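Topology and contacts: notes
Spelled out, the chains give:
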Protein chains: 2
Amino acid sequence: MISLTEENYLKALFHLSAGQGGKREAGTSELAEHLSVKPASVHDMLKKLKEKKLVEYEKYGKISLTTSGRNRAVEVIRKHRLWETFLYDKLGFNWDEIHEVAEQLEHIRSAKLIERLDKFLGYPRVDPHGDVIPNARGEWPKQVRTALTEATVGQVYKVLAVQDNSPVFLQQVIKSGLKIGARIRLVDRSAFDGMMEISINRSRQAISREMGGCIFVTEC
Amino acid sequence: MISLTEENYLKALFHLSAGQGGKREAGTSELAEHLSVKPASVHDMLKKLKEKKLVEYEKYGKISLTTSGRNRAVEVIRKHRLWETFLYDKLGFNWDEIHEVAEQLEHIRSAKLIERLDKFLGYPRVDPHGDVIPNARGEWPKQVRTALTEATVGQVYKVLAVQDNSPVFLQQVIKSGLKIGARIRLVDRSAFDGMMEISINRSRQAISREMGGCIFVTEC
DNA sequence: TATATAATTTAGGTAAGCCTAAAAATTAAA
DNA sequence: TTTAATTTTTAGGCTTACCTAAATTATATA
Ligand SMILES: [Mn+2]
Ligand SMILES: [Mn+2]
Ligand SMILES: [Mn+2]
Ligand SMILES: [Mn+2]
């Protein structure tokens, strides 16, 4: 049996290291930061997760998920994104409200429930924030995504996804009129503060560096 | 903040004392039995719930819910029954599978979620087992229900509800062809073992005392 | 390379929910 | 009414998931 807390550690580890971006290995402090606990607590939990063969970890060494740990993490992420889709598509929740509730729903244990939910939603391939939903076997159609901060000035892009976990950010995106799937052109980026200007169906929009880091696009 | 465990204690107390049947006050051991914990654990929790003004309780005295405690219990029961309805009506779960999953879902915290779910389901008045769903203000349309074991031989009844928490019982009910809303006549009851015979659309069906105690009917 | 800074680990502690075993109070039986 | 059985409460412990403070190791800087 794997606890709700353990699931959250595995999910955090996945997002920090094995995740989409495929960043470097995460450290104790970074994990602690991400989970809003202290590094000492993370260390305790890592020992337990190692015991259970869900992570690989040596003292002062790097932390990584085992195949089993990764599978569990992906399962939780799949549930999270299906629930977000349910709340958005079926119950009419707003973009910025669904993540928090999905953080709870993702821990409900029932294989049948998630199967049936998937079917009920029509086997969606992305969640309302544009994030890919892994299938029942934990497979990802790996999408190539670039943060707007890394995009090339002059290029035309399609908005693929947005960061899902900050309501204030999402409210600002809603106000800006930007939507998943929108076609935009990166008009300019300031060398001073990273401030960007994009054109979206003929109108201009200012995007800060902070904002741009949370918006993911793909060339088109 | 009220924990998942505390919610389960309040719900158990409600079902044992303030509930539908409106039975006598529950004792420590009865509560313990119902929650599958030991009486000593119940005692610990009762002290905490008294602190929080959710139950009234004096040493060696009777246990009862405060208005606040009762309200919380009803809220959880409302959520439980709405989720059961969702699983049954929308996801096509079987009668005997929904209770267990609803035991988890009933603890999800989001006022908006439960409001929207209620609307999505079309404001159902009873759950799939025939139990009344309290409204958003915690009000019950109090239904008069008699266990089949207490019913009068010769009378015609309508099946109102069945006990929801035993999959094997529910599977047996499904096999017997008995459904919520069905019109039945209690043909006979043995003075020896309480065994009953009912007629349901012209066919005869044998019902044990154990079974009859879990089937609730109303005169019609 | 030596030293300062930062990250990690250890040690010792807390609160929630559970347990067993024993003591105390209540209730039922003789 | 006295004794026996049952129920409830107390005492002391355990596990999970946190914490702070101090020690240790690793990394960056001079
Ligand atoms: Mn999310
Ligand atoms: Mn979570
Ligand atoms: Mn139920
Ligand atoms: Mn419950």
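Before reading further, recall that the structure is shown in the block above.
Below or above, wherever it landed, is the structure these notes cover.

The rules behind these values
Residues numbered from 1 in each chain as written. Chains lettered and ligands numbered in written order. Predicted model: local features only at pLDDT ≥ 70, side-chain atom pairs only at ≥ 80, totals over all residues. Heavy atoms only, no water. Salt bridge = Lys/Arg side-chain N within 4 Å of Asp/Glu carboxyl O. Helix = DSSP H or I, 4+ residues; strand = E, 2+ residues; numbered from the N terminus. Buried < 20%, exposed > 50% of the residue type's maximum accessible area, 1.4 Å probe, protein only. Least-squares fit on C-alpha atoms with pLDDT ≥ 70 in both. Contact = heavy atoms within 4.5 Å. Donors = N, O, S within 2.8 Å, 3.2 Å for Na, K, Ca; no water. Near = heavy atom within 4 Å. Polar contact = N/O pair within 3.5 Å; in protein donor to acceptor, adjacent residues only side chain to side chain. Buried area = accessible area lost by both parts, 1.4 Å probe. Nonpolar A, V, L, I, M, F, W, Y, C, P; charged D, E, K, R; others polar. Expected span 1.5 Å × (residues − 1). Arc of directions from axis to C-beta.

1. Structural notes on the pattern of salt bridges
Counting across every chain of the model gives 28 salt bridges over all chains. The closest approach of N and O atoms between Glu97(A) and Lys112(B), which form a salt bridge, is 2.9 Å. Of the two residues, Glu97(A) is situated in the loop between helix H4 (67-90) and helix H5 (98-105) and Lys112(B) in helix H6 (residues 111-120); the pairing between them involves two chains. By relative accessible area, which is 22% here, Glu97(A) ends up partly exposed. In this structure Lys112(B) comes out as partly exposed when scored by relative accessible area, which is 23%. A single network of salt bridges, built from pairs that share partners, joins Glu6(A), Lys48(A) and Lys52(A).

2. Brief notes about the relation of the copies chain A and chain B
Copy one and copy two of the chain differ by a rotation about a common axis and a shift along it. Its rotation angle being 180°, the transformation that places chain A on chain B also includes 0.0 Å of axial translation and leaves an RMSD of 0.0 Å. The transformation just described matches what one would write down for a two-fold rotation axis. Residue Leu105(A), judged by its C-alpha, is the member of chain A lying nearest the rotation axis, at 3.8 Å. Comparing contact sets, 100% of the residues at the interface of chain A also lie at the interface in chain B, consistent with an isologous, same-surface contact.

3. Brief notes about the coordination of the manganese ion (ligand 3)
All names here are of chain B. For the manganese ion (ligand 3), the protein coordination sphere consists of His80 (NE2), Glu84 (OE), His99 (ND1) and Asp164 (OD), at 2.0 to 2.1 Å. Going along the chain, you hit the donors of the manganese ion (ligand 3) in the pattern H-x3-E-x14-H-x64-D. Taken together, the positions of histidine 99 in helix H5 (residues 98-105) and aspartate 164 in the loop between strand E4 (156-162) and helix H7 (167-176) put the pair 65 residues apart, joining distant regions of the chain. We note that histidine 99, like aspartate 164, is buried.

4. Concerning the protein's contact with DNA strand D
Around DNA strand D sit 20 residues, and of these Ser41(A), Lys48(A), Ser29(B), Lys59(B) and Tyr60(B) come closest. Backbone atoms, meaning sugar plus phosphate, form 79% of the atoms of DNA strand D positioned within 4 Å of the protein. Separating a phosphate oxygen of DNA strand D from a side-chain N or O atom of Ser3(A) is a distance of 2.7 Å. Between DNA strand D and Lys38(A), the relevant distance is 2.8 Å, taken from a phosphate oxygen to a main-chain nitrogen or oxygen of the residue.

5. Some remarks on the interface of chain A and chain B
With 21 residues of chain A in contact, the opposing surface of chain B contributes 21 residues. For the chain A face of the interface with chain B, the top three residues by lost area are Leu91(A), Gln104(A) and Phe120(A), together amounting to 27%. Here chain A is connected to chain B by two salt bridges. Summed over the shared surface of chain A and chain B, the number is eight residue pairs in polar contact (both at pLDDT 80 or more). A total of five residues in the side of chain A that touches chain B trace back to one element, the largest contributor, which is helix H6 (residues 111-120) of chain A. Of the residues belonging to the side of chain A that touches chain B, the class tally is eleven nonpolar, five polar and five charged.

6. Thoughts on helix H3 (residues 39-51) of chain B
All names here are of chain B. Taking 1.5 Å of rise per residue, 13 residues should cover 18 Å, and H3 covers 19 Å from first to last C-alpha, within 8% of that figure. Within the span of H3, buried status applies to Val42, Met45, Leu46 and Leu49. Looking down the long axis of H3, one finds its buried residues gathered within 110° of arc, a one-sided arrangement. Counted as exposed and oriented over 90 degrees from the buried face of H3: Ala40, Asp44 and Glu51.

7. Brief notes about the protein's contact with DNA strand C
Near DNA strand C lie 20 residues; those nearest to it are Tyr57(A), Lys59(A), Ser3(B), Ser41(B) and Lys48(B). At the protein interface, 78% of the atoms of DNA strand C within 4 Å belong to sugar or phosphate. Separating a phosphate oxygen of DNA strand C from a side-chain N or O atom of Thr28(A) is a distance of 3.3 Å. Between Ser3(B) and DNA strand C, the recorded distance is 2.5 Å, taken from a side-chain N or O atom to a phosphate oxygen. Here the surface near DNA strand C gets five residues from one element, more than from any other, and that element is H3(B). Along the lines of polarity and charge, the residues of the surface near DNA strand C split into nine nonpolar, seven polar and four charged.

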